There are 2 protein chains.
Amino acid sequence: MPYQVPRGTRDLMPEQALVLEDVLEKVRLVFRKYGYEPVETPAFESLEVLEKKSGEELKKQIFRVGEGEKLGLRFDLTVPLARLVASNSSLPKPFKRYHIARVWRHEEPQKGRFREFYQADVDVVGAAGMEADAEVLTCAKEALEMIGVEVKRVRVNNRKMLDALFAKLGLKAGATALFRALDKLDKQGRQAVEAELKRLGLGAGDVEMLMRMVMAGGSNEAKLSLVEKEFPNEGAAETRELLKLLQEYGVKADLDLSLVRGLDYYTGPVYEISGSGDVGSIAAGGRYDKLIELYGSKPTPATGISLGIERIMEVLKAKGKKALTRAYVAAAKDEYRMNAREIAMKLRAAGIAAQLDLMGRNLKKQLEHANALGIPYAVIVGEREIKEKKLTLRDMKGGGERMLTLEQVVKELS
Amino acid sequence: MPYQVPRGTRDLMPEQALVLEDVLEKVRLVFRKYGYEPVETPAFESLEVLEKKSGEELKKQIFRVGEGEKLGLRFDLTVPLARLVASNSSLPKPFKRYHIARVWRHEEPQKGRFREFYQADVDVVGAAGMEADAEVLTCAKEALEMIGVEVKRVRVNNRKMLDALFAKLGLKAGATALFRALDKLDKQGRQAVEAELKRLGLGAGDVEMLMRMVMAGGSNEAKLSLVEKEFPNEGAAETRELLKLLQEYGVKADLDLSLVRGLDYYTGPVYEISGSGDVGSIAAGGRYDKLIELYGSKPTPATGISLGIERIMEVLKAKGKKALTRAYVAAAKDEYRMNAREIAMKLRAAGIAAQLDLMGRNLKKQLEHANALGIPYAVIVGEREIKEKKLTLRDMKGGGERMLTLEQVVKELS
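Residues numbered from 1 in each chain as written. Chains lettered and ligands numbered in written order. Predicted model: local features only at pLDDT ≥ 70, side-chain atom pairs only at ≥ 80, totals over all residues.

**Q** Describe in detail the overall build of chain A, supporting the description with residues and values.
**A** Each helix and strand in chain A was counted, giving 16 helices and 16 strands. Taking 2.2 N^0.38 as the reference for a compact globule, 414 residues should give roughly 22 Å; the C-alpha atoms of chain A span a radius of gyration of 27 Å, well beyond that estimate. The principal-axis extents of the C-alpha atoms in chain A amount to approximately 90 × 55 × 50 Å. The buried share among the 414 residues of chain A stands at 47%. Put simply, 67% of the contacts in chain A that link residues at least 6 apart link residues at least 24 apart. (Helix = DSSP H or I, 4+ residues; strand = E, 2+ residues; numbered from the N terminus. Rg over C-alpha atoms; globule rule 2.2 N^0.38 Å. Buried ≥ 20, exposed ≤ 12 C-beta atoms within 10 Å, placed from the backbone. Contact = placed C-beta atoms within 7 Å.)

**Q** Outline helix α8 (residues 185-199) of chain B, listing residues and values.
**A** Residue and element names in this part refer to chain B. The end-to-end C-alpha separation of α8 is 15 Å, well short of the 21 Å expected for 15 residues at 1.5 Å each. For α8, the principal kink sits at Gln-191 and spans about 70 degrees. For α8, the set of buried residues is Leu-185, Val-193, Glu-196 and Leu-197. At the C-terminal side of α8, Gly-201 shows a positive phi close to 105 degrees. (Expected span 1.5 Å × (residues − 1). Bend = angle between axes of the 7 residues up to and from the residue.)

**Q** Go over the interface of chain B and chain A, please, and point to the residues and values.
**A** Taken together, the contacts link 70 residues of chain B with 71 residues of chain A. Here the side of chain B that touches chain A gets seven residues from one element, more than from any other, and that element is helix α1 (residues 14-33) of chain B.

**Q** Could you give an account of the nonpolar core, with specific residues and numbers?
**A** Core analysis: the largest hydrophobic core is formed by 195 residues, its most contacted members being A:Ala140 and B:Ala140. For B:Ala140, the contacting residues outside a window of four places in its chain are B:Val122, B:Ile273, B:Ala283, B:Ile305 and B:Leu307. (Core = buried A, V, L, I, M, F, W, Y, C linked by C-beta atoms within 7 Å.)

**Q** Hey, could you go over the packing of helix α5 (residues 130-147) of chain B against helix α11 (residues 234-248) of chain B for me, with residue numbers and the actual values?
**A** Residues and elements named next belong to chain B. Where α5 meets α11, the axes come as close as 9 Å, and the angle between the chain directions of the two elements is 45 degrees. Taken together, the axes of α5 and α11 are oblique relative to one another. α5 and α11 meet at a crossing whose hand is right-handed. On α11, the residues that touch Met-130, Glu-131, Asp-133, Ala-134 and Leu-137 of α5 are Glu-238, Glu-241, Leu-242, Leu-245 and Leu-246. (Axes fitted to C-alpha atoms, helices over the stretch in contact; angles between N-to-C directions. Parallel < 35°, antiparallel > 145°, perpendicular 65-115°, else oblique. Left-handed = near helix turned anticlockwise from the far one by under 90°.)

**Q** For helix α4 (residues 78-86) of chain A, give the residues involved together with the corresponding values.
**A** A large share of α4(A) lies buried, amounting to nine of its nine residues. Next to the buried residues of α4(A) lie β2 (44-46), α2 (47-51), β5 (95-104), β6 (116-125) and β11 (302-308) of chain A.

**Q** Give a detailed account of the sheet that holds strand β7 (residues 151-158) of chain B, specifying residues and quantitative values.
**A** The strands that make up a sheet pair up through hydrogen bonds in the backbone, lying either parallel or antiparallel. All names here are of chain B. Strand order in this open sheet of eight strands is β1-β5-β6-β11-β10-β9-β7-β8, and the pairing throughout is mixed. If you trace the sheet from one side to the other, it starts and ends with β1 (37-38) and β8 (254-255), each paired once. Strand direction decides the pairing type here: β7 and β8, joined by two bridges, are parallel. Opposite Arg-155, over in β8, you have Asp-254 as the bridge partner. (Pairing = 2+ DSSP bridges.)

**Q** A description of the domain arrangement of chain A should follow, citing residues and the corresponding values.
**A** Looking at the assigned domains, one finds that chain A contains domain 1 (14-316) and domain 2 (327-413). Each of domain 1 of chain A and domain 2 of chain A has a C-alpha centre, and these two points are 51 Å apart. (Domains from an automatic or database assignment.)

**Q** So what's going on with the pairing of strand β9 (residues 269-275) of chain B? Residues and values would help.
**A** If a strand is regular, its side chains alternate between the two faces of the sheet. Residues and elements named next belong to chain B. Where burial is concerned, most of β9 is hidden: six out of the seven residues are buried. Pairing between β7 and β9: seven bridges, direction antiparallel. Looking across to β9, one finds that Arg-155 is bridged to Glu-272. In the sheet, β9 pairs with strand β10 (residues 281-287) via five bridges, with the strands oriented antiparallel. By the bridge assignment for β10, Ile-273 is matched with Ala-283. Counting the residues between successive antiparallel strands, the hairpin from β9 to β10 contains five residues, one of them, Gly-277, with a positive phi of roughly 75 degrees.

**Q** Before we move on, can you summarise the relation of the copies chain B and chain A with the specific residues and values?
**A** Placing chain B over chain A gives an RMSD of 0.1 Å and needs a rotation angle of 180 degrees, together with 0.0 Å of translation along the axis. Between the two chains, the operation in question is that of a two-fold axis. The position closest to the rotation axis in chain B is occupied by the C-alpha of B:Val65, lying 2.3 Å away. Most of the interface of chain B is mirrored in chain A, where 100% of its interface residues again form contacts. (Least-squares fit on C-alpha atoms with pLDDT ≥ 70 in both.)

**Q** Residues and numbers for the sheet that holds strand β15 (residues 391-395) of chain A, please.
**A** Residues and elements named next belong to chain A. Spatial ordering of the open sheet is given by β13-β12-β14-β15-β16, a layout of five strands whose pairing is mixed. Of all the strands in the sheet, just β13 (354-356) and β16 (401-404) have a single pairing partner and so form its edges. Strand-to-strand twist in this sheet, taken as the mean axis angle between neighbours without regard to direction, amounts to 25 degrees. The strands touched by helix α13 (residues 337-349) within the sheet are β12 (327-331), β13, β14 (377-381) and β15, with β12 carrying the most contacts at an inclination of about 160 degrees. Each of β12 and β14 touches helix α14 (residues 363-372); the most contacted strand, β12, lies at about 170 degrees to it.

**Q** Got a sec to walk through unusual backbone geometry? Specific residues and values, please.
**A** Residue and element names in this part refer to chain A. The peptide bond linking Lys-93 to Pro-94 adopts the cis configuration, its omega dihedral lying at 0 degrees. Positive phi values are uncommon outside glycine, yet Lys-389 reaches one of about 55 degrees. By secondary structure assignment, the location of Lys-389 is in the loop between α15 (383-388) and β15.

**Q** Break down the environment of B:Val124 for me, citing the residues and quoting the values.
**A** The topology assignment puts B:Val124 in strand β6 (residues 116-125). With 29 C-beta atoms packed within 10 Å, B:Val124 lands in the buried category. What B:Val124 contacts, discounting residues up to four positions off in sequence, is A:Leu358, B:Pro94, B:Lys96, B:Ala132, B:Glu135, B:Val136, B:Ala302, B:Thr303 and B:Gly304.

**Q** Describe the environment of B:Pro14, and please don't skip the residues or the numbers.
**A** Note on placement: B:Pro14 falls in helix α1. Between the C-alpha atoms of B:Pro14 and B:Val193, which are 179 residues apart in sequence, the distance is 43 Å. Each residue touching B:Pro14, except ones within four places of it in the same chain, is listed here: A:Glu37, A:Pro38, A:Val39 and A:Arg97.

Now the structure itself:
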């Protein structure tokens, strides 16, 4: 009866942790190339900060921390950003930050959905125009490509267009409820959404018109023309601008009038990137021009996107582990252990990851262990090697052996 | 009245977060060179796991998580390792892992001591000999040097030697209480420790003998000879072996018979690396051969060391920020913004971190912003540049300007 990790959480053993580190390193590299800089914030915040804009659903998912201290683990990286920006009013704008860290949500665990997971966010704070939205989306797509994830589809929409549509149809239900209903289209299908809309009090005619609009087909241009003709609004102009900028950046994007994204705080463009297979959305975000002022700042527009690291790792799962260690330095007999240590240190000094026996094992057992770890080369030191001032380099997969000088070994393994 | 971070925690703004990322990257690089591989574990564990070997003091410092779920934030990375190893009994031994992550302790915040902080640990699980201890210590020292921290002193001791000393003196107080008392020697001085020992019931003669022993001066060899003569024990032989191995590795270490390290679970060698200035210990660890079996495993020796990242950052504080972004691509007029975007993308494709205006600013304001961010170069595109198929490269510090082709700019900034 071994001890378990808490429900909805997991350990990453080296094989997976190496994939994670590799993914995060590549993400960081791309974010930095676009001029974003990191911040770190505490894992927990005051409940007041968290609940200010969590929405009812997320509010229930906050893990409380401490006893009577009114703290909770953060459920995303956007709320901490808003709090941080609002309390550092002198930051030069735009403030372009990335934040890669864990967040926690007390929800029902499902396949691929955990209570503890990583987000990797880029956000632009202070810039109102679509150039910021186009940049974060382009940057996220490049990060995904750098990781080696196939980007299947980039979808965009605009909350202002949906608001205008709701107004045009004279719908009585609140926008938030309508957004939530529409948000289920992808997962639950058209019928479920229609039932939900009727439950919200919409008549059959309204439901039919709404669904016909948001599910309109055709090219981006055809949809935009329809929107501009039927219910002209600022969101349509923003979308036209965003699509033009994305095209310039070489990002193929589809306008999807049914795309909502669940979070209550979006105010304009929303976007979602999906990968291949059944993992669904691997990155998503949008503009939230009203959030930061809730934390006491003057009105401050902002937009950003978040990469879902667990889903990305799910996609990458198939790819095998590459052993980090290049060389296992083996001593043929105990009297050569000191030589083995010296050689290992010289390899490390040359930047070659090396390890050696720490268990007092004989040569055979040492090589078995190196093999079990998948280390590609063994460097063996024994009587003959010392005499000839050389080393035996064994290819652990091919099985070949050669006598080489240390210098040659370094060259071979670099 | 801006919203505050919770007591004892802090935000890291980009300047500091960049230092942190740089430190962690270097640590990771060195750990990997020695053949250690990463794991990740949940931020919180069941209280049962945490309290199994926290000792009374740490137990009080656990941040509770959730409501009625008996979870707590981890207070170190050793307990999660023990739990993980015990529940994965088929792991090849030795299991050499690194773990770089935050831990949380609900204690009184002080200068340089936070309730949330990073640890960077290397541990060897399954190896009983001093070779493992010598390796983790050597590896930690190299990581510190790689970061650029001055290593002032490496001190080692052995709990078995202290146990033997207590036995020889016939001391009646429990070893844990004596360890705790001695542990305060560095911070509170000899008088305070002597008072504490007396409070524990030791007679004046015992206190004097104990202090004379643990504060014995002279070379490592002199101290070891004294120990071996007065109270021969296995710890002395281990220390002799450890010091020999460290010497081989080029690590100068001092035997300090008063070194204890607070944690209850150490069973043999303990070590501590101190940096310059008044930050004290920047890395510390020791052997804990009895810990893992508490989690249901068969007896499994283990040893490891932990780098204190916050203290390391404290030492590095003086060093200035290097701007990540190399180039700010500025459009002389609005009509060249598209060109600016294209140039930025080409620079990024060449691996050069670049940013551009997202605020609709004029050229002057763009350059002012680049300057405020400390970006070293501006790449300006305007009428003349388009006509001549060149770009203006401005050195933002030196102030010089040159007209160059994009290719030349890339070469210049790479």
